[in-house]
Amino acid sequence: MSKMKTNRGAAKRFRRTAKGGFKRASSHLNHILTKKKSKRKRQLGLTKQIADADQKSVRRMLPYS
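The shown structure was predicted, so the numbers you read here are calculated from the model rather than taken from an experiment.

A.B. asks: Teacher, can you tell me more about the overall build of the protein chain here?
C.D. replies: In terms of helices and strands, the protein chain carries three helices and three strands. Counting from the amino terminus, the protein chain carries its helices and strands in the arrangement α-β-β-α-β-α. In terms of overall dimensions, the protein chain is more spread out than a globule: its C-alpha atoms have a radius of gyration of 15 Å, far above the 11 Å expected for 65 residues. For the protein chain, the C-alpha atoms occupy an extent of roughly 55 × 25 × 20 Å along the three principal directions. Classification of the 65 residues of the protein chain by burial places 20% in the buried group. When the accessible surface of the protein chain is summed, it comes to about 5,800 Å², and 53% of that surface belongs to carbon and sulfur atoms.

A.B. asks: Just to check I follow, could you spell out a positive patch on the surface for this structure?
C.D. replies: Together, Arg8, Lys12, Arg13, Arg15 and Lys23 give the surface a local cluster of positive charge. The element best represented in the positive patch is helix α1 (residues 8–13), accounting for three residues. Summarising the element assignment, Arg8 is placed in helix α1.

The rules behind each value
Residues numbered from 1 in each chain as written. Predicted model: local features only at pLDDT ≥ 70, side-chain atom pairs only at ≥ 80, totals over all residues. Heavy atoms only, no water. Helix = DSSP H or I, 4+ residues; strand = E, 2+ residues; numbered from the N terminus. Rg over C-alpha atoms; globule rule 2.2 N^0.38 Å. Buried < 20%, exposed > 50% of the residue type's maximum accessible area, 1.4 Å probe, protein only. Areas by Shrake-Rupley, 256 points an atom, 1.4 Å probe, with all protein chains shown as cover. Patch = residues over 30% accessible without salt bridge, like charges linked within 9 Å, V, L, I, M, F, W, Y side chains within 5 Å. Salt bridge = Lys/Arg side-chain N within 4 Å of Asp/Glu carboxyl O. Lys, Arg positive; Asp, Glu negative; His and termini not counted. Charge placed at Lys NZ, Arg CZ, Asp CG, Glu CD.

And the structure:
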C-alpha cells in the first residue's frame, strides 16, 4: 500500500499541539488595519484551537503529524 499524501495547504496552516489537538492562526490581520481597533488586532494575533467539528477533517489532511 502506498503512502498517504499530506495536504500541503493544511500543513502550512495547522500545527499539532502537545495534547493532540491542532492550533491555527487567525485571518484578517494582513491589510486594512487602520479601521480595526487595537484590541481586535491584538486578539487576532493570538493562536486558537480549531473547532471540534473540524478535528476529523484536519486529522485526515495531516496523516503523519
